[in-house]
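One-letter residues, chain by chain:
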Amino acid sequence: MNGLTTERLLRAGAMGIALFALCDPPLSRSTTVPVTVVVLEASPADRALADTVTAAFDSSFVVSRVDVVDAAAYVVVGESVPPGWQPPDDVVVFAVDGDGPSRMLRIRWVDAPKEVAIDSAASVGVDLEVPGAGARVVEVALVVDGVRVQSVDRSLTGDETRVTVPLTFVPVRAGLVRLRVEAAVQGAASAVADVGVRVSTRVWKVLAFDGRPTYAATFVRRALEADPRFDVTTRSVTSRGASVQTGAAPTSLSNARALAAFDLVVVGAPAALGATDAAALETYLRDGGGAVVLLPEEPGGTVLRRLTGATVWSEDQRREPAAVTSGLGTFSATAFLWPERWPALVTSLASVEDGGTLRSAVWQIPVGAGRLIVSSATDGWRSRGAGEASRPGFSEFWRAVAAGAAQGTPAGVTLDLRETLLTPGDMARVRISGVASGIDVQVRHASGAVAAVHVWPTGREGIWEGEFRAPAELGRYTVSRAGGQNATREFLVVAPDERVRPDLAGDGLASLVASSHRGTSLPATSLSTLAARVSAAVPMVQATTSWRPLRAVWWVVPFTACAAGEWWLRRRRGQR
């Protein structure tokens, strides 16, 4: 290459950089916004532990020791909370306490549905705090109306002190049923807790809406249509402007008010739906307390991303069918769809083995007051007719899942009792929703005695509340709104020594606040897991920013080099 050619190249390089600088083209790039975590100390005595908690987070978090408006999560250090502090409703709260675990066997809570259909199997979760260390076995039993119906042994190792034991309740009669959980471990006193469950004969209204025809949605819908507990309305979009429907199905999912008429919405091919459908489904879940089942066949789509909070998904294709197992039914699948980052508070409904560990093939998360169920086993319908006739399979699994999800959706006019197992003199609170006026609530004993309950408006449209004191006479009672459909509830008045509530005595206020804000409490010895817990509970946010590379100072270096090089070569040839 001669000097003249080099000179021209240098001149072209300098002019090119100058032209690009004049144009100043913007480029877009996606960045991850760090999660803002606020660490608060309950008292000055907890300051040293708060410093240790702050150091447990890495650079992917923005940690503040004072309250800020854009916080996504809070970590409260100590047993209580800072004076006058109240967490916002939409944040996650964790509690860290330096004290060691309790020395007593405790049933911390019993997660049982308030209402279940008579033909359904209800899951009952029992959260235990088990004292001691090393190998231990805790026995948990379920007693229904005085009859022991199930017993489960759970082994613990090392310093493990918290365990959740799943139980199953199968009702055999309608009305209020008393469940008692009994737990015992060798070397520790036993613990018991009581809950009441209402068994109903309610028929659930289901909307099966397919963005396009799919096998998964078709066979789940057929499983529900074969069950008399479900009243299924369907709409399947076959092409643009054309659809097939049964019953008075809405033309789209974009109207949240139309969705409120259904106890469960089953969505097939959610990737074919748009942003307005996703917004209406989220309103139906968060505000209406409804239930949605998503049956995706491909990653992506606004509905899947918005409702789960997971933006990146990966497909998993297997050569051989893998068993998808649960207590509700067993089937197999070869195609799976996994979120790269699991949403917070995932409950596994069915699992598949993956490299020696279990992954949730069908899972559930809370969305506001509602429940979202996602099937990651995208071709489980292929095994719907396989297996033994005596064992529940694909259809039985989805009937049980749909029943459990629909059961939690409130009816149009409801009357709810905060407690259904009372002792004489207990104050009971009743709430009526879905009516505008004409509230007349009564408490009636089985003998026929009637007492009126005073109720008042809450300030929220259609919602009324009232209080009454439990009668002195033991027995079964009903509280009802005169003339109100779906507005009758039963409660039992039992002797004080026969009513045992879950033991929260060892939990401080910080732990209770964490439990009510999608978080959990953990001892200081488990700080190594705190960052991972926060990451799982608070999804990362991707932000798109504009970047103008020509505004960077380092572009001066190549521009100066090109211009100076050309000038030097011209001078060397005797030119100016």
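The rules behind each value
- Residues numbered from 1 in each chain as written.
- Predicted model: local features only at pLDDT ≥ 70, side-chain atom pairs only at ≥ 80, totals over all residues.
- Heavy atoms only, no water.
- Pairing = 2+ DSSP bridges.
- Helix = DSSP H or I, 4+ residues; strand = E, 2+ residues; numbered from the N terminus.
- Axes fitted to C-alpha atoms, helices over the stretch in contact; angles between N-to-C directions.
- 1 Å grid on protein atoms, 1.4 Å probe; cavity = no way out; pocket = protein on both sides within 12 Å on 5 of 7 lines; lining within 4 Å.
- Points joined across faces, edges and corners; volume = space filled by probe spheres on them.
- Nonpolar A, V, L, I, M, F, W, Y, C, P; charged D, E, K, R; others polar.
- Parallel < 35°, antiparallel > 145°, perpendicular 65-115°, else oblique.
- Contact = heavy atoms within 4.5 Å.
- Core = buried A, V, L, I, M, F, W, Y, C linked by side-chain atoms within 4.5 Å.
- Buried < 20%, exposed > 50% of the residue type's maximum accessible area, 1.4 Å probe, protein only.

Novice: What is the right way to read the sheet that holds strand E33 (residues 521–523) from this model?
Specialist: An order of E3-E2-E4-E5-E33 is seen for the five strands of this open sheet, with the pairing classed as parallel. Both outer strands of the open sheet, strand E3 (61–64) and E33, are each paired with one neighbouring strand and no more. Adjacent strand axes in the sheet meet at a mean angle of 25°, parallel and antiparallel pairs treated alike. Where strand E2 (residues 35–41) and E3 come together, four bridges link them in parallel fashion. Looking across to E3, one finds that Val-38 is bridged to Ser-64.

Novice: Quick question: what am I supposed to make of the sheet that holds strand E25 (residues 421–422) here?
Specialist: Note on sheets: strands pair through backbone hydrogen bonds, and any given pair is parallel or antiparallel. A sheet is described by the order of its strands in space; here five strands give the open sequence E25-E32-E31-E27-E28, paired in mixed fashion. Of all strands in the sheet, those with a lone pairing partner are E25 and strand E28 (450–453), marking the two edges. In the sheet, strand E31 (residues 475–481) pairs with strand E32 (residues 488–493) via six bridges, with the strands oriented antiparallel. Directly across from Thr-478, in E32, lies its bridge partner Glu-490.

Novice: Any chance you could explain the layout of surface pockets here in plain terms?
Specialist: The gaps left among the atoms become clear once a water-sized probe is rolled over them. Computed from the structure, the second largest pocket encloses a volume of approximately 650 Å³. Lining the second largest pocket are 25 residues, and of these Arg-286, Pro-366, Gly-368, Arg-518 and Ala-537 sit closest to its centre. Elements represented by at least two residues in the lining of the second largest pocket include exactly helix H5 (275–286), helix H6 (302–308) and strand E22 (357–367). When residues of the lining of the second largest pocket are assigned to their parent elements, the largest contribution, four residues, is made by H6. Across the lining of the second largest pocket, the residue classes break down as 13 nonpolar, five polar and seven charged.

Novice: Mind showing me how you'd approach the packing of helix H3 (residues 215–225) against helix H7 (residues 394–407) here?
Specialist: For any two helices packed against each other, one specifies the crossing angle of their axes together with the interaxial distance. One can describe the packing of H3 onto H7 by two numbers: an axis separation of 9 Å at closest approach and a directional angle of 70°. Compared by their axis directions, H3 and H7 come out roughly perpendicular. Of the residues in H7, those touching H3 at Phe-219, Val-220, Ala-223 and Leu-224 are Phe-394, Ser-395, Trp-398, Arg-399 and Ala-402. Tallied by class, the residues present in the contact of H3 with H7 amount to seven nonpolar, one polar and one charged.

Novice: Looking at this model, I keep getting lost on the nonpolar core. Mind explaining?
Specialist: In a soluble, globular protein the nonpolar side chains are often hidden away together inside. In this structure, Leu-264, Val-324, Phe-336 and Trp-398 are the most contacted members of the largest nonpolar core, which totals 38 residues. Top element by residues in this core is H7. It accounts for eight residues. Here Leu-264 is in contact with Lys-205, Val-206, Leu-207, Tyr-284, Ala-291, Val-292, Val-293, Ala-402, Ala-405 and Ala-406, once residues within four sequence places are set aside. With 29 residues, the next largest nonpolar core counts Val-144, Leu-156, Val-163 and Ala-191 among its residues.

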